[in-house]
Amino acid sequence: LTARSLAPYPHLLHRETYVEIPSDKCPFNEKPDMKTREITEAGIAALKSGKYDLLRINYASPDMVGHTGSLEATIRACETCDECLGELLAEVDKLGGVYLVCSDHGNADDMVQRNKKTGQPLQDANGVNMALTSHTLAPVMVAVGGAGLKDSVKMRDDLPEAGIASITATFINLCGYEAPSDYCPTLIKTD
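Parameters at a glance
Residues numbered from 1 in each chain as written. Predicted model: local features only at pLDDT ≥ 70, side-chain atom pairs only at ≥ 80, totals over all residues. Heavy atoms only, no water. Helix = DSSP H or I, 4+ residues; strand = E, 2+ residues; numbered from the N terminus. Buried < 20%, exposed > 50% of the residue type's maximum accessible area, 1.4 Å probe, protein only. Contact = heavy atoms within 4.5 Å. Areas by Shrake-Rupley, 256 points an atom, 1.4 Å probe, with all protein chains shown as cover. Core = buried A, V, L, I, M, F, W, Y, C linked by side-chain atoms within 4.5 Å.

K.L.:
If you had to explain the overall build of the chain to someone new, which residues and values would you point to?
P.N.:
Broken down by element type, the chain carries four helices and four strands. In the chain, the succession of helices and strands from N to C terminus is α-α-α-β-β-β-α-β. The principal-axis extent of the C-alpha atoms belonging to the chain is close to 55 × 40 × 35 Å. Here the chain, with 191 residues, has 29% of them falling under the buried criterion. Looking at the chain alone, contacts between residues at least 24 apart form 60% of all its contacts between residues at least 6 apart. Per element, the accessible surface of the chain, about 12,500 Å² overall, is 53% carbon and sulfur.

K.L.:
Explain the nonpolar core to me, using residue names and the numbers behind them.
P.N.:
Core analysis: the biggest nonpolar cluster contains seven residues, these being Ile21, Ile39, Ile44, Tyr59, Cys81, Cys84 and Leu88. Listed by contribution, the elements that provide at least two residues to this core are α1 (36–49) and α3 (71–94). Element by element, the count of residues in this core is highest for α3, at three residues.

K.L.:
How would you explain unusual backbone geometry if you had to name every residue and give the values?
P.N.:
Phi at Met34 is positive, roughly 50°, even though this residue is not glycine. Residue placement: Met34 occurs in the segment before α1. Of the residues examined, Met34 reaches a relative accessible area of 13% and is grouped as buried.

K.L.:
Just give me the short version of the environment of Glu20, but keep the residues and values in it.
P.N.:
Mapped onto the elements of the fold, Glu20 is located in the segment before α1. Between the alpha carbons of Glu20 and Ala42 there is a distance of 9.9 Å; along the sequence they are 22 residues apart.

K.L.:
Can you break down the side chain of Glu91 residue by residue, with the values?
P.N.:
Its location among the elements puts Glu91 in helix α3. What makes Glu91 buried here is its relative accessible area of 8%. Residues within four places of Glu91 in sequence aside, it is in contact with Ile44, Leu47 and Lys48.

If you want it as structure tokens, here you go:
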């Protein structure tokens, strides 16, 4: 459930269902919820249908609204996303499923440009903090859980350099398969 084009993946159309929920045709900070609620409703409907073993859902609003530099709109986007993700995860729990929630980069976590040496906000000639509209290098969270997650599954604590590249192996393991040995290591272990 995302707003990406299906064109690059015609070979997968017979095995997967893509649902596209187009964004509004306006600057993202004007409608900071974007289509988060509609994506959530479609995701919950797909979960309840019982037709799918796996859903991949993309909530783009915190990132896309963050690029506008509007702190107020970005806060709204994050609040709506948090609420909707909570509803979606509650449904996963209700159905006995497992979830993996992650982000691919920071953006809404820091909305001001900073002095690289001191970390202090940079201000324009009028003393107003200068908006940061690019991605940040801050670490991003990953959460694994759900009522269907085996008690023996734990997050590893021996990967000081773990990053986004480890999500693939983690996802493969959660699906019940062994990740290829040349992949970055999984973030989970089974006791």
